[in-house]
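Overview (structure and organization)
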Amino acid sequence: MEVKTFGVIGAGQMGNGIAQVAAMSGLQVIMNDIKEEFVQRGLNNITGILSKNVEKGKMTAEEKSAVLGRIKTSVNLQDLEAADYVVEAATENQPIKFKIFQDLDKICSPETILASNTSSIPIGRIAAQTKRPEKVIGMHFMNPVPVMKLVEVIRGLATSDETFKVTWDLSIKFGKTPAESSDFPGFIANRILMPMINEAVYALYHGVGTPEAIDTVMKLGMNHPMGPLTLADLIGLDTCLAIMETLYEGFCDSKYRPCPLLRKYVEAGWLGRKSGRGFYEYK
Ligand SMILES: CC(=O)CC(=O)SCCNC(=O)CCNC(=O)[C@H](O)C(C)(C)COP(=O)(O)OP(=O)(O)OC[C@H]1O[C@@H](n2cnc3c(N)ncnc32)[C@H](O)[C@@H]1OP(=O)(O)O
Ligand SMILES: NC(=O)C1=CN([C@@H]2O[C@H](COP(=O)(O)OP(=O)(O)OC[C@H]3O[C@@H](n4cnc5c(N)ncnc54)[C@H](OP(=O)(O)O)[C@@H]3O)[C@@H](O)[C@H]2O)C=CC1
């Protein structure tokens, strides 16, 4: 199966990054969100990154225009009728994702593959919302998408070999290295990363260290590129909490209990960089 038109649902930090790498690989892209201001914000972000690439001499102004020319924006899910492959990157919320997959299943051609960029929700659960579970798969990009090399590829129980191969090959076309994970809450990446971040929040909650001290220990002591609290702010504290809840509920194991301080921050609207305040403040 040849993918020519690639749909992305959600133009947030992950969705616009995915749209960018897909367009840079030569695909026609439809980037969809619920409001015009969100797709415009996503497009502005892509334009800013491509402009920096031009300044750095990594691409020409003509290449930048060609990439932008391949991205169509949409606020109507019906536009996804034209897509051969769709990646959903909407908010990490199960009812929202279920509804999107139910709707895409009706709108898209029966041949279209429907992937989710979910951080943690089992793919089999999402696939069961459609009449095409063999064409549903996890295609999990890392943040920031244009920079990070990994795509975690997750098969649900019913995912076909063809769907897997198309997704694997697309990841390579996007300049990424795919790694396969089986379908359990949090897959590989967040099964390991998010308990570490949650433990860093516990360390703060218990007064073991200030945010700066916790991050410095992990950056300089373990050579992590970012400290765990800075990374949590980048990911989004709402997303971190949603992932911990999926792990906690999915495994019924208290070792995944979300730190009460993480919940408190989310309830206060301190979501990290995207809201201007999380463990740190952003202007
Ligand atoms: C939650 C999930 O489900 C899964 C996840 O994604 S978990 C999160 C996974 N991501 C990580 O762990 C990221 C950890 N952090 C890092 O790797 C690095 O700090 C980083 C790549 C984000 C930034 O790198 P850095 O060296 O500290 O900063 P900086 O020099 O500013 O950036 C390096 C390059 O990345 C680019 N970059 C940084 N942020 C970017 C962004 N948001 N979009 C596009 N490009 C970006 C910069 O422009 C720069 O490019 P050049 O080399 O061409 O100049
Ligand atoms: N943040 C990260 O580091 C990573 C996140 N992910 C996953 O990617 C997905 C997106 O995360 P992220 O980009 O950070 O989140 P963001 O909040 O930045 O973006 C999500 C976008 O989806 C929009 N949206 C919500 N509902 C719908 C809908 N029904 N149709 C279309 N768009 C919708 C949101 O709009 P509104 O603002 O109105 O809600 C928002 O613009 C999540 O599943 C997350 O777990 C995966 C890897 C890394």
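Residues numbered from 1 in each chain as written. Chains lettered and ligands numbered in written order. Predicted model: local features only at pLDDT ≥ 70, side-chain atom pairs only at ≥ 80, totals over all residues. Heavy atoms only, no water.

What about helix α10 (residues 237–251)?
Relative to the 21 Å expected for 15 residues at 1.5 Å per residue, α10 spans 21 Å between its end C-alpha atoms, a close match to the ideal helical length. Within α10 the residues assigned to the buried category are L237, T239, C240, L241, A242, I243, M244, T246 and L247. On the buried face of α10, the contacting elements are α7 (189–205), α9 (228–235) and α11 (260–267). Downstream of α10 by a residue or two, C252 has a phi angle that is positive, lying close to 50°. (Helix = DSSP H or I, 4+ residues; strand = E, 2+ residues; numbered from the N terminus. Expected span 1.5 Å × (residues − 1). Buried < 20%, exposed > 50% of the residue type's maximum accessible area, 1.4 Å probe, protein only. Contact = heavy atoms within 4.5 Å.)

Considering the pattern of salt bridges
Using the criterion set out here, one finds 10 salt bridges in the structure. The closest approach of N and O atoms between R132 and D105, which form a salt bridge, is 2.7 Å. Taken together, the positions of R132 in the loop between α5 (123–127) and β6 (136–141) and D105 in helix α4 (residues 94–107) put the pair 27 residues apart, joining distant regions of the chain. Pair check on accessibility: R132 and D105 agree, each one buried. Salt bridges here are not isolated pairs; linked through shared partners, they connect E88, E92 and K97. (Salt bridge = Lys/Arg side-chain N within 4 Å of Asp/Glu carboxyl O.)

Concerning the pairing of strand β5 (residues 113–116)
Neither face of β5 is open: one carries I113 and A115, the other L114 and S116, and all of them are buried. Once the chain exits strand β4 (residues 85–88) it traverses α4 before rejoining the sheet at β5, and the crossover so formed is right-handed. Judged from the three bridges that link them, β5 and β6 form a sheet pairing that is parallel. Note that in β6 the partner of S116 across the bridge is G138. (Right-handed = clockwise from strand over helix to strand, strands pointing away. Pairing = 2+ DSSP bridges.)

Some points on the UniProt feature "site: Important for catalytic activity" (unreviewed entry) in the protein chain
In the numbering used here, UniProt assigns the feature "site: Important for catalytic activity" (unreviewed entry) to H140. Tracing the backbone shows H140 in strand β6. A residue is classified by how much of its surface remains accessible, and H140, at 4% relative accessible area, is buried. The residues contacting H140, other than those within four sequence positions of it, are S116, N117, T118, S119, L150, V151, E152, I154, F187, A189 and N190. (UniProt positions renumbered as here; feature names shortened; annotations may be inferred.)

Considering the site of ligand 1
Near ligand 1 you find 17 residues, and of these K58, S119, H140, N143 and N190 are the closest. A distance of 3.0 Å is found between an oxygen atom of ligand 1 and a side-chain nitrogen or oxygen belonging to K56. Measuring from an oxygen atom of ligand 1, one finds a side-chain N or O atom of S119 at 2.8 Å. At the level of secondary structure, the elements contributing two or more residues to the shell around ligand 1 comprise α7 and α9. The residue inventory of the shell around ligand 1, partitioned by class, reads 11 nonpolar, four polar and two charged. (Near = heavy atom within 4 Å. Polar contact = N/O pair within 3.5 Å; in protein donor to acceptor, adjacent residues only side chain to side chain. Nonpolar A, V, L, I, M, F, W, Y, C, P; charged D, E, K, R; others polar.)

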